[in-house]
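What follows is the residue order along each chain.
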Amino acid sequence: MLENKNLIKISDLHAEINNNKILQGVNLTINQGEIHAIMGPNGSGKSTLAKVIAGHPSYCITHGSIKLNNQNITELSPEERAHAGIFLAFQYPIEIPGVSNADFLRIAYNANRQVNKLEELDPLTFFEFISEKLNLIGMDSKFLTRNVNEGFSGGEKKRNEILQMALLNPLVSILDETDSGLDIDALKIISNGINKLKNKNNTIILITHYQRLLDYISPDFVHVMQDGQIKYTGDAKLAKQLEQKGYNLLSTPII
């Protein structure tokens, strides 16, 4: 059997913001078809890692590299990384007044098609296409007529992020605390959508504080970040140990 190939390879990654060093030597390799969960105390660098992979302009990479499909994307812009297959679902999705969800999604989708030299979809054709994605994650079509995230509940905002993921079909989806602020029903719906979108060719990175998300989405690997580095790696059992004993577990060998 052929081994799945690397989708993401992060080597000795150091990054800072406003001269404040946050990532201090992150090493991580993720293959096709895998789900990786990243956990760790507040301030350990989890969300920074997500933003740095996606190319957030506020962060400066001072050393190391990020490769996607063996292509070095360390110097690429956020737009170029997105077109190459990187997707980041934000912990706190922003509202965009005056821009309908339908227009926002169509422009994003057509931007990808344009880069790939494909014909753009007109509004009617796009509506038919997006309706299939809405059904996949259990969203009502009325969300398309509303402004992006404006007046959305926490669960609706997170579901909207998963809709974008379903639409753009990225190689690497980074979900930054998607479970934050969700009640149990919303968590189940969003987890179900994520599970449907996972396949043998892509990969999903879950950044979370809590085991409860991993009750619905089973990770192949769990990584624990501390002080800007990945200190421990294990399977799903590691998350359960952390849930039971907290991050004090980091002071003793746990795997």
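Residues numbered from 1 in each chain as written. Predicted model: local features only at pLDDT ≥ 70, side-chain atom pairs only at ≥ 80, totals over all residues. Heavy atoms only, no water.

The chain is annotated in an unreviewed UniProt entry as Probable ATP-dependent transporter ycf16 from Galaxaura rugosa.

Here Glu80 lies in helix α2 (residues 78-84). Exposure remark for Glu80: the relative accessible area of 42% places this residue in the partly exposed category. Remark: the alpha-carbon pair of Glu80 and Gly55, spanning 25 residues in sequence, is separated by 9.1 Å. Engagement of the side chain of Glu80 in a polar contact is seen with the backbone nitrogen of Ser77, the distance being 2.9 Å. (Helix = DSSP H or I, 4+ residues; strand = E, 2+ residues; numbered from the N terminus. Buried < 20%, exposed > 50% of the residue type's maximum accessible area, 1.4 Å probe, protein only. Polar contact = N/O pair within 3.5 Å; in protein donor to acceptor, adjacent residues only side chain to side chain.)

Quick look at the pairing of strand β9 (residues 172-176) now. The buried fraction of β9 amounts to five of the five residues, a majority that puts the element mostly inside the structure. Of the two faces of β9, the one lined by Val172, Ile174 and Asp176 and the one lined by Ser173 and Leu175 are each fully buried. In this sheet, β9 lies alongside strand β6 (residues 86-89) in parallel orientation, the contact comprising four bridges. Counterpart to Leu88 in the pairing with β9 is Ile174. With helix α6 (residues 184-197) bridging β9 and the parallel strand β10 (residues 203-207), this β-α-β connection has right-handed handedness. (Pairing = 2+ DSSP bridges. Right-handed = clockwise from strand over helix to strand, strands pointing away.)

Evaluation of the coordinates by the stated rule reveals three aromatic pairs. An angle of 45 degrees between the planes, with centres 6.1 Å apart, marks the rings of Tyr109 and Phe126 as tilted. Remark: Phe126 occurs in helix α4 (residues 123-137) and Tyr109 occurs in helix α3 (residues 101-115); sequence separation between them is 17 residues. With a relative accessible area of 13%, Tyr109 lands in the buried category. (Phe/Tyr/Trp six-rings, centres within 6.5 Å; stacked < 30°, edge-to-face > 60°.)

Here the focus is the sheet that holds strand β3 (residues 35-39). An order of β6-β9-β10-β3-β11-β12 is seen for the six strands of this open sheet, with the pairing classed as mixed. Two strands bound the open sheet, and with one partner strand each, they are β6 and β12 (229-234). Put simply, the sheet's adjacent strands are angled 20 degrees from each other on average, direction ignored. The pairing of β9 with β10 spans five bridges and is classified as parallel. Its bridge partner lying in β10, Ile174 is registered against Ile205. Packed on one face of the sheet, helix α1 (residues 46-54) meets β3, β6, β9, β10 and β11 (221-226) and runs near 145 degrees to β6. Contacts from helix α5 (residues 154-168) reach β6, β9 and β10 within the one sheet, and its direction differs from that of β6 by about 170 degrees. (Axes fitted to C-alpha atoms, helices over the stretch in contact; angles between N-to-C directions. Contact = heavy atoms within 4.5 Å.)

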